[in-house]
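Geometric and topological summary
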Amino acid sequence: MTPTPQPTPSLLLDYLAAAHRLAFNQGFSEGIFNHLTLTVPGRTDRYYQIPFGMHWSEVTASSFMEVGIDDGEVKRGEGDVERSCYCIHAPIHKALPQAKAVFHTHMPYASALTRLEDPRIKEIGQTEVGLMGEIAYDDEYTGPALDPAEGARLAGVIGDKKVLFMANHGISTVGATVADAYDVLYYVERAAQVQIYAMWTGQPLKQLPAPVVEKTLRDFRDDHLYRGPSPAQRHFDALKRMLDRKEPDYAT
């Protein structure tokens, strides 16, 4: 079997820049805070981060700094390293092999759930069921993340999951690629939005029966449904094509 060609560093930066623009356009970002990072290909000691103060709507592929995972110092590029980004992301990149991409946002609907006594996504629909088993819940807000020990703690909570609900705070997703991390970010926010809408009606939530949940999970995890790129990659590529038509400067 011919190995799948690996994306070049320049293409990965295009993807990461596109993720910032798309996240802003879809209402996932909050001011100049929140962070989308990616490990530098071929390295275990550096990750890409935008300079502190750059708005996500202006990020381009040439914007990124390379930041040391162990020391938080800028190794390539120019700008300030936002402290909480380093303290959350660097330890997660270091501790979790699956966390090549780490996306942290204060998306409004998912973040609203983190403010509830019970923030869990309920098994009330197909999208929600698709997330079952992929979400870790951190029930302890400890204040702003200004020490790498907090990121190490969060990495321990995430474990082998893809999503972290951060109590009274926001959401983090991890993935082997930009597309993986963005896809789950998108669907977590959609699931949270629909759940909140359903809760607003004041009517009881209709839980799906356990056998239906189990069958749906099996169907979602069937690796033989599609050949070629994963659904996550196809989704992100479609969003990126939309961005190519409207904001092609992200790739500069």
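In this text the structure is predicted, and so the values were computed from the model without any measurement. (Residues numbered from 1 in each chain as written. Predicted model: local features only at pLDDT ≥ 70, side-chain atom pairs only at ≥ 80, totals over all residues. Heavy atoms only, no water.)

1. Some words on the side chain of serine 63
Take serine 63: it is sitting in the loop between strand 2 (46-49) and strand 3 (65-68). Among the polar contacts made by the side chain of serine 63, one reaches the main-chain amide nitrogen of threonine 60 at a distance of 2.9 Å. Ignoring sequence-local partners within four residues, the contact set of serine 63 consists of Pro51, Met54 and Glu58. (Helix = DSSP H or I, 4+ residues; strand = E, 2+ residues; numbered from the N terminus. Polar contact = N/O pair within 3.5 Å; in protein donor to acceptor, adjacent residues only side chain to side chain. Contact = heavy atoms within 4.5 Å.)

2. A closer look at the sheet that holds strand 5 (residues 101-105)
The eight strands lie next to each other as 4-3-2-1-5-8-7-6, forming an open sheet whose pairing is mixed. The open sheet has two free edges, formed respectively by strand 4 (74-76) and strand 6 (135-138), since each of these has just one partner strand. Going from strand to strand, the sheet's axes swing by 25° on average, the running direction of each strand aside. Bridge analysis of strand 7 (residues 163-166) against strand 8 (residues 170-175) gives four bridges, and the strand direction is antiparallel. (Pairing = 2+ DSSP bridges. Axes fitted to C-alpha atoms, helices over the stretch in contact; angles between N-to-C directions.)

3. Quick look at the pairing of strand 8
Summarising burial for strand 8: six of the six residues are buried, a large majority. Here strand 8 shows no split at all, with Gly170, Ser172 and Val174 on one side and Ile171, Thr173 and Gly175 on the other all buried. Note that strand 5 and strand 8 share five bridges and pair antiparallel. Each bridged residue has a counterpart across the sheet, and for alanine 101 the counterpart in strand 8 is glycine 175. As consecutive antiparallel partners, strand 7 and strand 8 are separated by three residues, and within that stretch asparagine 168 has a phi angle of approximately 60°, a positive value. (Buried < 20%, exposed > 50% of the residue type's maximum accessible area, 1.4 Å probe, protein only.)

4. Quick look at the side chain of threonine 60
Within the secondary structure, threonine 60 is located in the loop between strand 2 and strand 3. Beyond its immediate sequence surroundings of up to four residues, threonine 60 is in contact with Ala17, Arg21, Asp249, Tyr250 and Thr252.

5. Quick notes on the state of the cysteines
Overall, the coordinates contain zero disulfides when judged by the stated rule. Distance from the sulfur of cysteine 85, which forms no disulfide, to the nearest cysteine sulfur (cysteine 87) is 9.2 Å. Of the residues examined, cysteine 85 reaches a relative accessible area of 1% and is grouped as buried. (Disulfide = S-S within 2.5 Å.)

6. Comments concerning the packing of helix 1 (residues 9-25) against helix 8 (residues 231-246)
Packing of helix 1 against helix 8 leaves a shortest axis separation of 10 Å and a crossing angle of 75°. Here helix 8 runs roughly perpendicular to helix 1, going by the angle between their axes. Contacts between helix 1 and helix 8 involve Asp14, Tyr15, Ala18, Ala19, Arg21, Leu22 and Asn25 from the first element and Gln233, Phe236, Asp237, Leu239, Lys240 and Leu243 from the second. Classifying every residue of the contact of helix 1 with helix 8 gives seven nonpolar, two polar and four charged. (Parallel < 35°, antiparallel > 145°, perpendicular 65-115°, else oblique. Nonpolar A, V, L, I, M, F, W, Y, C, P; charged D, E, K, R; others polar.)

7. Topic: the environment of histidine 106
Inspection of the secondary structure assignment puts histidine 106 in the loop between strand 5 and helix 3 (108-114). For histidine 106 and methionine 166, which are 60 residues apart along the polypeptide, the C-alpha to C-alpha distance reads 9.8 Å. Those residues in contact with histidine 106 that sit more than four places away from it in its chain are Phe28, Glu30, Asn34, Ser111, His169 and Gly170. There is a polar contact of 2.5 Å between the side chain of histidine 106 and the side chain of glutamate 30. Here histidine 169 takes part through its side chain, which lies 3.2 Å from a polar atom of the side chain of histidine 106.

8. A word on the pairing of strand 1 (residues 35-39)
The element strand 1 is extensively covered by neighbouring structure, given that five of its five residues are classed as buried. Residue alternation in strand 1 divides its side chains into two sets, His35, Thr37 and Thr39 and Leu36 and Leu38, and both sets are buried. Alignment of strand 1 against strand 5, held across four bridges, turns out to be antiparallel. Paired with threonine 37 across the bridge in strand 5 is valine 102. Sheet topology places strand 1 next to strand 2; two bridges connect them, and they run antiparallel. Looking across to strand 2, one finds that threonine 39 is bridged to tyrosine 47. In textbook terms, the turn of a hairpin is the stretch between consecutive antiparallel strands, and for strand 1 and strand 2 this stretch comprises six residues, one of which, glycine 42, has a positive phi near 80°.

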